[in-house]
Amino acid sequence: MAPLTLGDLDLTTDEFILDEVDIHIQANLEDDLVKEALKTGVDLRHYSKQVEGELQRIEQASIKDYIKESQNIASLHNQITACDSILERMEGMLSGFQSDLSSISSEIQTLQQQSVSMSVRLKNRQAVHSHLSQLVDELVVPGAMIHPVTEQEFLEQLHELNNKINFAKELSFRETLACSDIQDIVDHLKIKAVTKIREFILQKIYSFRKPMTNYQIPQNTLLKYSTTTIIFFYQFLLANERTVAKEIRDVYVDTMSKIYYSYFKSYSGRLLKVQYEEVADKDDLMGVEDTAKKGFFSKPSLKSRNTIFTLGQRGAVLSPAELEGPILIPHTAQRGDCRYPYETLFRSQHYALLDNGCREFLFLSDFFMVAGNSALDLFNSVMGKTLSLFLKSMSTYVSDCYDSIAVFLCIHIILRFRAITTKRAIPALDKYWEAVLELLWPRFELILEMNIQSICNTDPQKLGVLDTRPHYITRRYAEFSSAIVSINQTFTSERTHTLLGQLQVEVENFVLKMAAEFPSRRDQLIFLINNYDMMLNVLMERAADDSKEVEGFQQLLQARSQEFIEEILSSPFGGMIAFVKASEALIEKGQLDRLKNDEAQITQLIRGFTSTWKQSVEALSQDVMRSFTNFKNGTGIIQGALTQLIQYYHGFHKVLSQPTFRSLAVRSELINLHHLMVEVKKHKPNF
């Protein structure tokens, strides 16, 4: 007999899990009815039967309800069946609609594709139309395109023609067949435009050649037109007919070169006619004797000009107002019988050159479209002959010029004009400025060296009667040195300072040699002080207070003035001064007792000073004022002398207050130092 298989009910199998049974039991125990039954102690078998009976009654009641409502259920079934039929028909209709919509969607997609295709074709046609219309517009040439050059329409149509020429060139590179249809017309118009431009520009250039009036350069009539207009004319020629462009350039260069040369040659010649008739020669040097036949200062006919060694108003030529002022008109100056120094003519001549040169360089650079070395070469082609004329004229003048101030002023005119062209960024005249300076600097140095040598060779014994007043040679030096120093302040030159230093040394030696001719030291000192003071005052009028020349003569003047003060005090007060100096020296050595036996000398010194000092001071003041030409310098020396006298008398008091001399009875006769100072002040001159 086969074993009975219980499956999950087999409690003896290993697979039966007791935990699951516990879980089911626990879940049933949680039921509210079970809990209530367990709680009330109801018999479960009885309760189960009761529940089963209740269920049967409910089932019978439910069947009765169904039977009662059977007709309604049948009616509901019929209605549901009718609804199914209706829904089936609707399903058929919707299926038909769906099929129609699918067909419509397919047609819409087809129309969309056709629309996209038509849009692409439209864009392509528009693009082709744009290119073709531009091509046609560029190729079409109006019948009456070229007007007279002076009309505004000419410039506009010339721009249009230039564009068509460039466009035709571009199409020819692409081998466009339409280009050949208009090439002849474009070439014909190009020739016509080139001819008109050539005639127009050449006519304007030839108009420059008309005779000059008032010695003014004929105006460049090309400048009357717009810069862009006239430049475009030449640019059109350069791009389309280089031979014509070169012809115009050559004609312009040749014409303007001749015009500038002719103008400046005539202008320079006319200027020389209003220069001073008498100019410095080789004998007009600083150390030359001042006689009726020689010496620049003695020429009575030079009433309207300053001397060769004096700057005067000549320095005004370097002021900004005059430096860039209007140029001189020669015939106007001649009518007014005006005469000018060379540097004024030089300024006018070179300012005309600067003004015209800058304007010409800018015009050449813009009109002929050149820059750098090409622009400089073209400028030299136009102005080269004129610049050579200037340099030749300068070389001739410089070789026979002995007016060092004129040469130095010309140097500084060139330095300032060079700064102006540098500021304007015009390099065209740079080489010319350098060439002029190379002519002027050596000549200036040579003239200065000649003046230095003339002073060095001066023989004091051949210069006439001795006089303690300032010598005319030192006055020449002072005027000349102050002129050079004042001019040299803006553009300082070390080579100039070096030469002026050599000149100053020779002048100082000359003054010492002249002073040595006087027999007395007093007269020597008066001569030295007068000359140093005069040179210092002249220098300080123009030179800076801290210049080497001013400082040098200040030191010399101070030293000689102090020596002169000692000299004039030594005569009336020499005994007292010697006693004070000797006593002070012995006091320093501690040997003052060596003078205790000099009571008689001390008595004489005290009484002599007391009785004569007022007369001596008065005589001293009058003598000083007679000796010096500069009142201010004389009063300064008097004040210095009186101050020194007070110091010596104060020292005399200090010596006599020493123990060695305290017992001297004569000490009571000493003048009170404060009283003496009050009395001395009365003798000081007042301005």
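Residues numbered from 1 in each chain as written. Predicted model: local features only at pLDDT ≥ 70, side-chain atom pairs only at ≥ 80, totals over all residues. Heavy atoms only, no water.

Caption draft 1: Focus on the overall build of the protein. Along the protein, the regular secondary structure elements total 21 helices and zero strands. Going through the 687 residues of the protein one by one, you find that 39% of them count as buried. In the protein, 76% of the contacts between residues at least 6 apart in sequence involve partners at least 24 apart. (Helix = DSSP H or I, 4+ residues; strand = E, 2+ residues; numbered from the N terminus. Buried < 20%, exposed > 50% of the residue type's maximum accessible area, 1.4 Å probe, protein only. Contact = heavy atoms within 4.5 Å.)

Caption draft 2: Representation of the layout of surface pockets in the model. If you add up the space inside the largest pocket, you get close to 470 Å³. Lining of the largest pocket is provided by 26 residues; of these, Leu-272, Gln-275, Tyr-342, Ser-393 and Tyr-397 occupy positions nearest its centre. Of all the elements, helix 8 (residues 242-272) adds the most residues to the lining of the largest pocket, at six residues. A per-class count over the lining of the largest pocket returns 16 nonpolar, five polar and five charged. (1 Å grid on protein atoms, 1.4 Å probe; cavity = no way out; pocket = protein on both sides within 12 Å on 5 of 7 lines; lining within 4 Å. Points joined across faces, edges and corners; volume = space filled by probe spheres on them. Nonpolar A, V, L, I, M, F, W, Y, C, P; charged D, E, K, R; others polar.)

Caption draft 3: Geometry of the side chain of His-412. Relative to the assigned elements, His-412 resides in helix 13 (residues 404-423). Setting aside residues up to four positions removed in sequence, His-412 forms contacts with Leu-318, Ile-487, Asn-488 and Phe-491.

Caption draft 4: How the structure looks around the pattern of salt bridges. Summed over all chains, the structure comprises 18 salt bridges. Asp-403 serves as the salt-bridge partner of Arg-314, at 2.9 Å between the closest nitrogen and oxygen. Pair noted here: Arg-314 is in the loop between helix 8 and helix 9 (320-323) and Asp-403 is in the loop between helix 12 (372-399) and helix 13, with a separation of 89 residues, a long-range link. Side by side, Arg-314 and Asp-403 carry an identical accessibility label, which is buried. Arg-607 serves as the salt-bridge partner of Glu-669, at 3.0 Å between the closest nitrogen and oxygen. Of this pair, Glu-669 sits in the loop between helix 20 (631-656) and helix 21 (673-681) while Arg-607 sits in helix 19 (residues 599-627), and the two are 62 residues apart along the sequence. One network of salt bridges, with partners in common, ties together Arg-522, Asp-523, Asp-623 and Arg-626. (Salt bridge = Lys/Arg side-chain N within 4 Å of Asp/Glu carboxyl O.)

Caption draft 5: Region of interest: the nonpolar core. Ranked by size, the top nonpolar core spans 171 residues in total, and within it Leu-503 and Phe-652 carry the most contacts. When sequence neighbours within four positions are dropped, the list of residues in contact with Leu-503 reads Met-286, Leu-448, Ile-452, Ile-455, Tyr-477 and Phe-480. (Core = buried A, V, L, I, M, F, W, Y, C linked by side-chain atoms within 4.5 Å.)

Caption draft 6: Looking closely at the side chain of Ser-561. The residue Ser-561 is located in helix 18 (residues 548-589) in this model. Discounting residues that sit within four places of it in the chain, Ser-561 has contacts with Ile-529 and Ile-637.

Caption draft 7: The arrangement of the environment of Leu-158 in detail. Position of Leu-158 among the secondary structure elements: in helix 5 (residues 152-173). Sequence spacing of Leu-158 and Leu-189 is 31 residues, and the spatial spacing of their C-alpha atoms is 9.6 Å. Setting aside its immediate chain neighbours within four residues, Leu-158 contacts Ala-193, Ile-197, Phe-232, Phe-233 and Phe-236.

Caption draft 8: How the structure looks around the environment of Asn-240. Looking at the secondary structure, you find Asn-240 in helix 7 (residues 227-240). Residues Asn-240 and Asp-187 lie 53 residues apart in sequence; the distance between their C-alpha atoms is 9.9 Å. Within the local environment of Asn-240, its side chain forms a polar contact with the backbone oxygen of Phe-236, the two atoms lying 2.8 Å apart. (Polar contact = N/O pair within 3.5 Å; in protein donor to acceptor, adjacent residues only side chain to side chain.)

Caption draft 9: Local environment of unusual backbone geometry. A positive phi angle is found at Met-369, which is not glycine, with a value near 55 degrees. Position of Met-369 among the secondary structure elements: in the loop between helix 11 (342-367) and helix 12. Judged by its relative accessible area of 35%, Met-369 falls in the partly exposed class. Phi is positive for Ala-425, close to 60 degrees, though the residue is something other than glycine. Tracing the backbone shows Ala-425 in the loop between helix 13 and helix 14 (430-456). Classification of Ala-425 by relative accessible area gives exposed; the value is 57%.

Caption draft 10: Representation of helix 13 in the model. Compared with an ideal rise of 1.5 Å per residue, which puts 20 residues at 28 Å, helix 13 spans 29 Å between its outermost C-alpha atoms and is within 8% of the ideal. In terms of burial, helix 13 is largely enclosed, as 16 of its 20 residues are buried. Phi for Ala-425, located one or two positions after helix 13, is positive at around 60 degrees. (Expected span 1.5 Å × (residues − 1).)

Caption draft 11: Molecular detail of the packing of aromatic side chains. Within the structure shown, the criterion is met by 31 aromatic pairs. Ring geometry for Phe-408 versus Trp-441: centroids 6.2 Å apart, planes at 75 degrees, classification edge-to-face. With Phe-408 in helix 13 and Trp-441 in helix 14, this residue pair connects regions lying 33 residues apart in the sequence. Exposure class is identical for Phe-408 and Trp-441. Each is buried. What links up through ring pairs into an aromatic cluster is the set Tyr-260, Tyr-263, Phe-264, Tyr-267, Tyr-351, Phe-390, Phe-417, Tyr-432 and Trp-433. Taking the ring centre of Tyr-261 as reference, the NZ or CZ of Lys-385 above it sits at 4.8 Å. (Phe/Tyr/Trp six-rings, centres within 6.5 Å; stacked < 30°, edge-to-face > 60°. Lys NZ or Arg CZ within 6 Å of the ring centre and 35° of its normal.)

Caption draft 12: Summary view of the packing of helix 16 (residues 494-515) against helix 17 (residues 521-542). For the pair helix 16 and helix 17, the least separation of the axes is 9 Å and the interaxial angle reads 150 degrees. By the criterion of interaxial angle, the relationship of helix 16 to helix 17 is roughly antiparallel. The element helix 16 and its partner helix 17 pack so that their crossing is right-handed. Contacts between helix 16 and helix 17 involve Val-507, Val-511, Leu-512, Met-514 and Ala-515 from the first element and Gln-524, Phe-527, Leu-528, Asn-531, Tyr-532 and Met-535 from the second. When the residues that make up the contact of helix 16 with helix 17 are grouped by side-chain class, the tally is nine nonpolar, two polar and no charged. (Axes fitted to C-alpha atoms, helices over the stretch in contact; angles between N-to-C directions. Parallel < 35°, antiparallel > 145°, perpendicular 65-115°, else oblique. Left-handed = near helix turned anticlockwise from the far one by under 90°.)

Caption draft 13: Looking closely at a nonpolar patch on the surface. Taken together, Val-51, Leu-55 and Ile-58 make up a surface patch of nonpolar side chains, about 260 Å² in accessible area. Along the chain, Val-51 falls in helix 3 (residues 44-68). By relative accessible area, which is 35% here, Val-51 ends up partly exposed. (Patch = residues over 30% accessible without salt bridge, like charges linked within 9 Å, V, L, I, M, F, W, Y side chains within 5 Å. Areas by Shrake-Rupley, 256 points an atom, 1.4 Å probe, with all protein chains shown as cover.)

Caption draft 14: Representation of the confidence of the model for the protein. Confidence in the prediction of the protein, expressed as mean pLDDT, is 82, and 83% of residues score 70 or more. Within the model, pLDDT remains below 50 along residues 292-306, and this stretch shows 37 contacts once partners closer than five positions in the same chain are excluded. (pLDDT = per-residue confidence, 0-100.)

Caption draft 15: Spotlight on the environment of His-497. You can see His-497 is positioned in helix 16. Overall, the relative accessible area of 26% leaves His-497 in the partly exposed class. For the pair His-497 and Lys-548, spaced 51 residues apart in sequence, the C-alpha to C-alpha distance is 8.9 Å. Beyond its immediate chain neighbours, meaning those up to four positions away, His-497 contacts Asn-488 and Thr-492.

Caption draft 16: Structural context of the packing of helix 13 against helix 15 (residues 472-487). Two elements in contact, helix 13 and helix 15, have axes whose closest approach is 11 Å; the angle formed by their N-to-C orientations is 5 degrees. The angle between helix 13 and helix 15 places the two elements in the roughly parallel class. Contacts from Ser-404, Ile-405, Phe-408, Leu-409, His-412 and Arg-416 in helix 13 reach Phe-480, Ala-483, Ile-484 and Ile-487 in helix 15.

Caption draft 17: Just the state of the cysteines, in detail. Tallied over the full model, the rule gives zero disulfides. Counting only cysteine sulfurs, Cys-410 is the nearest neighbor of Cys-401, a cysteine outside any disulfide, at a range of 7.7 Å. Assessed through its relative accessible area of 1%, Cys-410 is described here as buried. (Disulfide = S-S within 2.5 Å.)

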